[in-house]
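# Observations on the model geometry
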Amino acid sequence: MNDMPYTPEQFMNAEQEMDQLLEQSAEKYKVSTNAMFAKLSDLANLTLDDLKRWSRANSLWPMQFGLACCAMELLDFGSARIDAERKGYLLFRGTPRQTDVMIVAGWVTKSMVPRVKRLYEQMAKPSYVIAYGECATSGGPWWQSYNIIQGIDQVLPVDVYVIGCPPKPENLFAGLMKLQDKIRGNVVGDTERSISENARRTENKRV
Amino acid sequence: MAIMRLNVGPIHPSTHGVLRLVVDVDGDTVKSVEPHIGFLHRGVEKLMENRMYMQSPSYVEKLDYVAPLSWDDLYVAAVEQATGILCKERAQFARVVLLEFQRIASHLLWLGTFANDVGQLFTLFMWCFRERAMILKLLEDVSGSRMFYVNLRLGGLYQDLPSDFKDRAYKLADYLEGKIVEYPDVLDENPIFLERTKGIGVLGKEDAINYGVSGPVLRASGIEEDTRKSNPYYTYGRIKFRIPTGNRGDSYDRYKVRYEEMLQSIRIIRETLDLMPDKGDVIGLPIKLIGPNAKPAPVMISRELPRGEGMIYMIPDKQKPYRISMRSPAFVNLAALPKMSENCKFADLFPTLGSIDIVLAELDR
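Just so we're clear, the structure is a prediction, and the values are computed from it rather than from any experiment.

### Looking at the overall build of chain A
Scanning chain A from N- to C-terminus turns up eight helices and three strands. Each helix and strand of chain A, ordered N terminal to C terminal, gives the series α-α-α-β-α-β-α-β-α-α-α. Pairs at least 24 apart in sequence give 77% of the contacts found in chain A among residues at least 6 apart.

Here is the structure:
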């Protein structure tokens with residue numbers, strides 16, 4: 001036994017090394033049978049992302065959610081003068097579960113904040129927020145009031161601000177087109193939130 | 001059966017804003033309704049106490065965003081009374097025309113959304129908004145803004161009327177009349193509309209007086225009361241018009257009263273334009289932070305708004321109100337909702353609520 005040129009442990013190690021070498025060579029010289037499919041799946045991954053963006057951008061479902069004055073202009077937006085359906089902004093839905101765009105139209109009082117927050121959390125993800133009008137953007141004329149939050153962006157992450165008091169329905173149309181651009185990734189800048197579904201980023205930053 | 005308590009709102013498609021209703025139902029029958037308000041409260045009166053007089057019209061307009069010009073007129077008239085400035089004659093005519101157009105626009109919006117509540121989905125809504133857009137276009141050309149026209153100044157308007165104002169107003173009145181008379185075709189001959197409004201949400205004569213309701217809700221209960229007649233301001237005393245009234249006080253009567261009021265408004269517009277002088281000054285005092293001093297006597301003034309009788313009680317200081325208090329007609333009318341919806345079916349609650357024509361911003365102030 002003592003004459004043996006190697007110890008049993010060494011033998012075991014050698015066996016493992018051999019196995020590793022075999023595995024490496026198998027990987028090195030492996031002829032992939034599904035190479036074609038692998039390339040196709042790469043392509044599919046690429047286009048699936050684009051497809052997601054394309055479909056999300058072209059089926060925006062706004063929520064029927066009017067707070068104050070700007071809701072009148074939302075009604076006008078839904079009427080015949082501005083044919084919103086031609087761009088895919090379909091009918092306003094009554095429940096947050098069926099929607100992905102929240103148009104905050106009006107000032108948000110302190111008693112409305114938890115309710116607006118809950119609505120946002122109930123919406124289908126990824127969800128987008130449009131601050132429509134001065135009050136939702138910055139508090140507007142009620143900026144000094146004791147019962148108002150100065151802009152919905154203190155509570156929710158806002159994608160597009162539409163300014164005016166109230167903004168014309170045409171402005172909302174332009175805002176929704178801007179949101180589409182953002183979802184498609186055509187807008188330089190803060191596209192991270194809307195694409196990566198990181199809902200609470202702005203809230204953590206400011207409140 | 002056991003009584004179940006339902007919570008409706010504050011965000012709900014049929015509550016016309018952020019109104020919360022706590023409803024006790026027994027099966028499908030409403031036993032009691034309790035409106036909860038205050039979700040839009042932002043302290044307008046307090047803010048106005050810290051503003052100069054002519055900085056406030058833009059606050060007042062946002063009270064009633066369906067008919068902003070009416071509240072603007074009420075406030076400016078209160079300041080005019082406090083400072084002792086008289087409105088110029090041609091400006092009075094112009095204000096009457098603009099106010100009546102605003103009243104029609106407000107009733108059109110109400111009719112469109114009310115038809116949606118009842119179940120006449122979106123046909124009438126589209127029609128009403130088509131006509132409303134024409135009125136807003138005229139008001140935009142007069143004032144420069146589409147929705148909040150802050151164009152009333154002490155003693156007049158902020159700029160001269162467009163040169164073709166009379167022609168356009170006549171034409172618009174003709175156009176509106178031609179379109180509005182078509183509406184009963186889809187409402188008065190629609191059995192579903194009649195079933196869901198006739199005999200629903202009844203408010204009797206005595207109840208209407210006891211609850212203090214005003215405007216079309218009061219008139220639908222059979223009481224002929226209109227500030228434009230009983231206490232005429234501007235040129236309403238010189239114009240002949242009728243006060244439409246109902247007799248049953250149900251949702252159908254409230255619809256009919258508002259519908260007739262639109263036609264009467266068109267009549268008022270035509271007669272006012274006939275009397276209106278072609279030339280004359282309409283421009284009031286420009287906005288200056290330091291304006292004329294107000295007299296210290298308290299001011300109480302009332303106007304017929306599209307929703308009812310609005311009042312302002314103001315204790316003036318020199319350059320800004322010391323205390324201002326506003327009576328919102330929608331607030332008082334909403335108080336009658338529990339009485340109207342006593343023992344009605346749950347599905348009829350929202351047409352009844354819609355027939356009152358509430359505006360939540362005005363209600364919460």
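### Considerations on the overall build of chain B
Of the regular secondary structure elements, chain B holds 16 helices and eight strands. Here the C-alpha coordinates of chain B stretch approximately 65 × 45 × 35 Å along the principal axes. The 365 residues of chain B split such that 50% are buried. Taking the intrachain contacts of chain B between residues at least 6 apart in sequence as the baseline, contacts between residues at least 24 apart amount to 71%.

### A look at the sheet that holds strand E8 (residues 321-327) of chain B
Residue and element names in this part refer to chain B. Taken in spatial order, the three strands line up as E6-E7-E8 in an open sheet, and their pairing is antiparallel. Whereas interior strands pair on both sides, the edge strands pair on one side only; in this sheet they are strand E6 (299-305) and E8. With strand direction ignored, the average angle separating the axes of adjacent strands in the sheet is 15°. Of the strand pairs in this sheet, strand E7 (residues 308-316) and E8 are connected by six bridges, and their pairing is antiparallel. Pairing of Tyr313 across the sheet is with Ser325, part of E8. Against the sheet, helix H3 (residues 68-83) makes contact with E6 and E7, and its axis sits at roughly 155° relative to E6, the strand it touches most.

### Focus on the sheet that holds strand E2 (residues 128-132) of chain A
All names here are of chain A. Ordered by their spatial adjacency, three strands build an open sheet running E1-E2-E3, and the pairing between neighbours is parallel. Strands with a single pairing partner mark the edges of an open sheet, and in this sheet they are strand E1 (101-105) and strand E3 (160-162). If you compare each strand with its neighbour and ignore which way they point, the axes differ by 20° on average. Pairing of E1 with E2, which is carried by five bridges, proceeds in the parallel orientation.

### A look at the pairing of strand E3 (residues 29-36) of chain B
All names here are of chain B. Where strand E2 (residues 20-26) and E3 come together, seven bridges link them in antiparallel fashion. Residue pairing in the sheet places Val25 in a bridge with Val30 of E3. The hairpin formed by E2 and E3 contains two residues between the paired strands, and Gly27 there has a positive phi angle of roughly 70°.

### Observations regarding the packing of helix H4 (residues 89-118) of chain B against helix H12 (residues 251-275) of chain B
All names here are of chain B. Between H4 and H12, whose axes approach to 9 Å, the crossing angle comes to 160°. In this view, H4 runs roughly antiparallel relative to H12, as classed from their interaxial angle. Viewed along their axes, H4 and H12 form a crossing whose handedness is left-handed. Contact residues: H4 offers Phe93, Val96, Val97, Glu100, Phe101, Arg103, Ile104, His107, Trp110, Leu111 and Phe114, while H12 offers Tyr255, Arg258, Glu261, Met262, Ser265, Ile268, Ile269, Thr272, Leu273 and Leu275. Residue composition of the contact of H4 with H12, by class: 14 nonpolar, three polar and four charged.

### Concerning the interface of chain A and chain B
Tallying the contact residues gives 29 residues for chain A and 26 residues for chain B. Contributions of two or more residues to the side of chain A that touches chain B are made by helix H3 (70-78) and helix H4 (113-122) of chain A. If one sorts the elements of the side of chain A that touches chain B by residue count, H3 of chain A sits on top with three residues. Of the residues that constitute the side of chain A that touches chain B, the class distribution is 15 nonpolar, nine polar and five charged.

### Brief notes about the packing of H4 of chain B against helix H5 (residues 123-143) of chain B
All names here are of chain B. The geometry of H4 relative to H5 is characterised by a closest axis approach of 9 Å and an angle of 155° between their N-to-C directions. Relative to H5, the element H4 lies roughly antiparallel. The two elements H4 and H5 cross, and the hand of that crossing is left-handed. Seen from H4, the contacting residues are Leu98, Phe101, Ile104, Ala105, Leu108, Leu109, Leu111, Gly112, Ala115 and Asn116; seen from H5, they are Leu124, Phe125, Cys128, Phe129, Glu131, Arg132, Ile135, Leu136, Leu138, Leu139 and Val142. For the contact of H4 with H5, the class distribution of residues is 17 nonpolar, two polar and two charged.

### Some points on H3 of chain B
Since the α-helix packs 3.6 residues into each turn, any two residues three or four apart lie on the same face. All names here are of chain B. With 16 residues, H3 should reach 22 Å at 1.5 Å per residue; the first-to-last C-alpha distance of 23 Å fits that figure. Burial within H3 is extensive, with 14 of its 16 residues counted as buried. Gly84, located one to two residues past H3, shows a positive phi value of around 75°.

### Considerations on the environment of Leu152 of chain B
Residues and elements named next belong to chain B. In this structure, Leu152 sits in strand E4 (residues 152-153). The class of Leu152 is buried, set by 29 C-beta atoms lying within 10 Å. On a C-alpha basis, the gap between Leu152 and Met54 in space is 9.6 Å, while along the polypeptide they are 98 residues apart.

### Topic: unusual backbone geometry
The amide bond that connects Cys165 of chain A to the next residue, Pro166 of chain A, takes the cis arrangement and shows omega of -15°. Summarising the element assignment, Pro166 of chain A is placed in the loop between E3 and helix H6 (169-184). Of note in the backbone geometry, Tyr234 of chain B takes a positive phi value of approximately 50° without being a glycine. Tracing the backbone through its elements, the reader meets Tyr234 of chain B in the loop between helix H11 (227-230) and H12. One non-glycine residue, Arg365 of chain B, lies in positive phi territory at about 55°. Along the chain, Arg365 of chain B turns up in the segment after helix H16 (360-364).

Definitions and cut-offs
- Residues numbered from 1 in each chain as written.
- Chains lettered and ligands numbered in written order.
- Predicted model: local features only at pLDDT ≥ 70, side-chain atom pairs only at ≥ 80, totals over all residues.
- Helix = DSSP H or I, 4+ residues; strand = E, 2+ residues; numbered from the N terminus.
- Contact = placed C-beta atoms within 7 Å.
- Buried ≥ 20, exposed ≤ 12 C-beta atoms within 10 Å, placed from the backbone.
- Pairing = 2+ DSSP bridges.
- Axes fitted to C-alpha atoms, helices over the stretch in contact; angles between N-to-C directions.
- Parallel < 35°, antiparallel > 145°, perpendicular 65-115°, else oblique.
- Left-handed = near helix turned anticlockwise from the far one by under 90°.
- Nonpolar A, V, L, I, M, F, W, Y, C, P; charged D, E, K, R; others polar.
- Expected span 1.5 Å × (residues − 1).

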